[in-house]
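Structural description and commentary
Each chain, written out:
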Amino acid sequence: MAALKRLVDRLAAERCLPDADMLALLACGDGEVLSHLFARARAAREAVYGRDVYIRGLIEFTNFCKNDCLYCGIRRSNARACRYRLTEEEILLCAEAGYRMGFRTVVLQGGEDPWFTDERLCRIVRALKAARPDRAVTLSVGERSRESYQKLFDAGADRYLLRHETATKAHYEALHPPGLSFDRRMQCLADLRAIGYQVGCGFMVGSPWQTPADIARDLAFIRRFEPEMVGIGPFIPHRDTPLGAFPAGTVEMTCKLLAIIRLLLPNALLPATTALATLDPRGCEKGMLAGANVVMPNLSPPDAREKYALYEGKASAAGETADALSDLKKRMENIGYRVTIARGDHRSFPDGEAALTRKKGEHDPCTT
Ligand code: 5AD
């Protein structure tokens, strides 16, 4: 076990590990090693962001989707999904209610719904920025053209979440129908980065056919791409999808990966995701104690929340009401953290402007 603890120390000091060592750490279930890993991850997080927990108000504004991802409950061919789309007015009202509660970031998340043309989405982004100029707008609306991403950025969007899903091409192809392409996904991430967004990638933990080698490739990709945000959560099967009979990912593996990602990218904004909270009532706390520093409570209207079922039993993270938010605050205080209403930009985006001058990948201390 001493050897594995030393690997953790090496990861913390060098921000990388050779592949074989990373695989050894991924295979390790020893409690003492994991406690050591989590402690290192918390120290890394606290050195950069202190004990602050950033909150993002999530608005799931449409569950129409033109895609057919094999794992996802809102895939096009799920005829049992009850489809909805919020109006512009409803979106603005949810965001405003969130702002009054203290949310300085709104995340617009939806399926790939062609009804939301560039024109419509840009209008919404502009209206959100006009109403509250100090509010960050994050988009999570899937793959679009570079021109579309540019228009949305010009309309005022600050950040974009697009999970890469898996950095292994063959695995990507197993999880997605033929029309979706791994290369296109990666191109979207490159476009978002080049435009100047704060970019989030990420993957599901324990997705069908995922191997430790796949996870090691995800970690290597994350380290290389240096996203500002990384969203990971356990895979949770949805019965109305082709992958509905596969087992769920685990809370333990998700927390271990949160901690490793924190050590790879100490500056990253790392949410304890809804999927984690769905598998474990203390998932949010466990994620924080493994190095996460963001929570994304749901601001969608209750009936929309119910219908936005990517997987079964989806928890709705506390936050939709003032009471739920104060409950979240207490829970964070109980583990020594503090919910803050700051916008919570990435370290290298002090005012959302630094993107233009930043250079990536320089002075890389690691040769592996
Ligand atoms: N289990 C867990 N996460 C899922 N997602 C989609 N379906 C599932 C599922 N069954 C994740 C994907 C997607 C994000 C919005 O939700 O990673 O990028």
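Shown above is the structure to which this text applies.
In this report, the structure presented in the accompanying data block is examined. What you see is a predicted model, and the numbers here were worked out from it, not measured in a lab.

The strand order S2-S3-S4-S5-S6-S7 describes an open sheet built from six strands, whose pairing is parallel. The open sheet terminates on both sides in strands that have one partner only, identified here as strand S2 (57–62) and strand S7 (229–234). On average, each strand axis in the sheet is tilted by 20° relative to the strand beside it, whichever way the strands run. When S2 meets strand S3 (residues 105–110), the two strands line up parallel, connected through five bridges. Paired with Gly-57 across the two strands is Val-106, which belongs to S3.

Our next topic: the site of the ligand. Close contacts around the ligand come from Tyr-71, Cys-72, Arg-163, Glu-165, Met-204, Gly-233, Phe-235, Ile-236, His-238, Ala-275, Leu-310 and Tyr-311, and that covers them all. Split into classes, the residues belonging to the shell around the ligand amount to eight nonpolar, two polar and two charged.

Let us now look at unusual backbone geometry. In the Ramachandran plot, Arg-15 falls in the positive-phi region, its phi being about 60° despite a non-glycine side chain. Here the phi dihedral of Glu-165 falls at roughly 75°; this positive angle occurs in a residue that is not glycine. Residue placement: Glu-165 occurs in the loop between strand S5 (159–161) and helix H7 (169–175).

Glancing now at the pairing of S2. Where a strand is regular, its side chains alternate between the two sheet faces. Most of S2 sits out of view: six of its six residues are buried. Between the parallel elements S2 and S3, the chain passes through helix H4 (residues 88–101) in a crossover that is right-handed.

At their nearest, the axes of helix H5 (residues 118–131) and helix H6 (residues 146–154) sit 9 Å apart, and the two run at 25° to each other. When the axes of H5 and H6 are compared, the pair comes out roughly parallel. Helix-helix and strand crossings are classified by hand; for H5 and H6 the assignment is right-handed. Side by side, H5 and H6 meet where Asp-118, Leu-121, Cys-122 and Val-125 of the first sit next to Ser-148, Lys-151 and Leu-152 of the second. Looking at the contact of H5 with H6, its residues break down into four nonpolar, one polar and two charged.

This part is about the nonpolar core. By size, the foremost hydrophobic cluster in this structure holds 102 residues, and its most contacted members are Ile-59, Leu-258, Ala-259 and Ile-261. Of all the elements, helix H10 (residues 251–264) adds the most residues to this core, at nine residues.

Cut-offs and rules
- Residues numbered from 1 in each chain as written.
- Predicted model: local features only at pLDDT ≥ 70, side-chain atom pairs only at ≥ 80, totals over all residues.
- Pairing = 2+ DSSP bridges.
- Helix = DSSP H or I, 4+ residues; strand = E, 2+ residues; numbered from the N terminus.
- Axes fitted to C-alpha atoms, helices over the stretch in contact; angles between N-to-C directions.
- Near = placed C-beta within 6 Å.
- Nonpolar A, V, L, I, M, F, W, Y, C, P; charged D, E, K, R; others polar.
- Buried ≥ 20, exposed ≤ 12 C-beta atoms within 10 Å, placed from the backbone.
- Right-handed = clockwise from strand over helix to strand, strands pointing away.
- Parallel < 35°, antiparallel > 145°, perpendicular 65-115°, else oblique.
- Left-handed = near helix turned anticlockwise from the far one by under 90°.
- Contact = placed C-beta atoms within 7 Å.
- Core = buried A, V, L, I, M, F, W, Y, C linked by C-beta atoms within 7 Å.

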